[in-house]
Amino acid sequence: MPSDALKTAVPRAAGRPVTIDPDDVAALALRLFAERGYEQTSMEDIARAAGIGRKSLYRYFSSKAELVWGGMEPVVEASRRVLDSARTAGAADGDVLAGLREAAIAGVTVLPDLAVTRGRLRLIAEHPELASRSYESLAPQRERTRAYLMSAGVREDVAGYLCAALIGATFEAWMQWAAGTDPDPVPYLVAAVGVLRVPGSTRAG
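Residues numbered from 1 in each chain as written. Predicted model: local features only at pLDDT ≥ 70, side-chain atom pairs only at ≥ 80, totals over all residues. Heavy atoms only, no water.

A. The pattern of salt bridges, seen in detail. Within the structure shown, the criterion is met by nine salt bridges. A salt bridge links Arg-80 to Glu-77, with the shortest nitrogen-to-oxygen separation between them at 2.5 Å. Taken as a pair, Arg-80 and Glu-77 lie in helix H5 (residues 72-89) at a separation of three residues, close to a single helical turn. Taking the relative accessible area as the measure of exposure, Glu-77 reaches 29% and is therefore partly exposed. For the salt bridge of Arg-155 with Asp-157, the shortest nitrogen-to-oxygen distance reads 3.1 Å. Relative accessible area serves as the criterion here: at 40%, Arg-155 is assigned to the partly exposed category. (Salt bridge = Lys/Arg side-chain N within 4 Å of Asp/Glu carboxyl O. Helix = DSSP H or I, 4+ residues; strand = E, 2+ residues; numbered from the N terminus. Buried < 20%, exposed > 50% of the residue type's maximum accessible area, 1.4 Å probe, protein only.)

And the structure:
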């Protein structure tokens, strides 16, 4: 029987393919990982549980790791909107970190289920091969943050260093939150951004 992770057109003619909701399929995969173990669950297992063909699953997710790291797009988009708004307004010296802080917490509001996010992060913490994908998976966020810093007058080399520090600090904040039971990750993210500094001497003249 097809899982609730799928949404079908109503009415649906016999033989017509189901419409796949990638977020729901990813949530289903996470439940299977929790129940059976990450290594013990195959892509075929996930497709079968979702009531779809394996080829259909691979059209959306090329691997189990992609299922775990999925769902980043809304977070990155929410952060981008905050940074674009701050860049348009023209951040003053004291506002650069404020813009980074707002961008860091913006993604929290667009996550549909923080319990699913916690499950994703715990899996990443438990499996080095998943954690190793963080650099690639967070690349869009890194580049947008770098562009924001440079638009605020931060030198290119220093923007790169600060951007790397920000991504590392906020990723650690998410992981610390996921390891505990606190319902709200925002204080962790605020604390992470709070350790950063933008030296005044690095700004363009």
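The structure having been displayed, the exposition proceeds.
B. A look at the layout of surface pockets. In this structure, the largest pocket spans a volume of roughly 360 Å³. Lining the largest pocket we find 17 residues, and of these Trp-69, Gly-70, Gly-71, Met-72 and Glu-73 sit closest to its centre. At the level of secondary structure, the elements contributing two or more residues to the lining of the largest pocket comprise helix H1 (22-36), helix H4 (64-69), H5 and helix H9 (134-137). Of all the elements, H5 adds the most residues to the lining of the largest pocket, at four residues. Looking at side-chain class alone, the lining of the largest pocket contains eight nonpolar, three polar and six charged residues. Counted as a void, the second largest pocket has a volume near 170 Å³. Taken together, Asp-23, Asp-24, Ala-27, Gly-71, Pro-74, Leu-111, Pro-112, Asp-113, Val-116, Thr-117 and Arg-120 form the lining of the second largest pocket. Listed by contribution, the elements that provide at least two residues to the lining of the second largest pocket are H1 and helix H7 (114-126). Of the residues assigned to the lining of the second largest pocket, the class counts are five nonpolar, two polar and four charged. (1 Å grid on protein atoms, 1.4 Å probe; cavity = no way out; pocket = protein on both sides within 12 Å on 5 of 7 lines; lining within 4 Å. Points joined across faces, edges and corners; volume = space filled by probe spheres on them. Nonpolar A, V, L, I, M, F, W, Y, C, P; charged D, E, K, R; others polar.)

C. Seen up close, the confidence of the model for the chain. In the predicted model, the chain carries a mean pLDDT of 83, and the fraction of residues at 70 or more is 85%. Below a pLDDT of 50 lies the segment residues 1-17, which in the model reaches 26 contacts outside its immediate sequence neighbourhood of four places, other chains included. Overall, residues 201-205 carries pLDDT values under 50, and its contacts beyond four positions in sequence, including any with other chains, amount to 12 contacts. (pLDDT = per-residue confidence, 0-100. Contact = heavy atoms within 4.5 Å.)

D. Quick peek at the nonpolar core. Counting residues in each nonpolar core, the largest one holds 36 residues, and the members touching the most others are Phe-33, Ile-46, Leu-57, Leu-67, Val-68 and Leu-130. Every element with two or more residues in this core is listed here: H1, helix H2 (43-50), H4, H7, helix H11 (156-179) and helix H12 (186-194). For this core, the leading source of residues is H1, giving seven residues. In contact with Leu-67, not counting residues within four places along its chain, are Val-25, Ala-26, Ala-29, Met-43, Ile-46, Phe-61 and Arg-120. Ranked by size, the runner-up nonpolar core spans 20 residues in total, among them Ala-103, Val-158, Leu-162 and Ile-167. (Core = buried A, V, L, I, M, F, W, Y, C linked by side-chain atoms within 4.5 Å.)

E. Fine view of helix H6 (residues 96-106). Burial of H6 is extensive: eight of the 11 residues sit out of reach of the surface. Among all positions of H6, only Val-96, Leu-97, Gly-99, Leu-100, Ala-103, Ala-104, Ile-105 and Ala-106 are buried.

F. Quick peek at the environment of Tyr-148. Position of Tyr-148 among the secondary structure elements: in helix H10 (residues 139-151). Sequence-wise, Tyr-148 and Cys-163 are 15 residues apart; in three dimensions their C-alpha atoms are separated by 9.7 Å.

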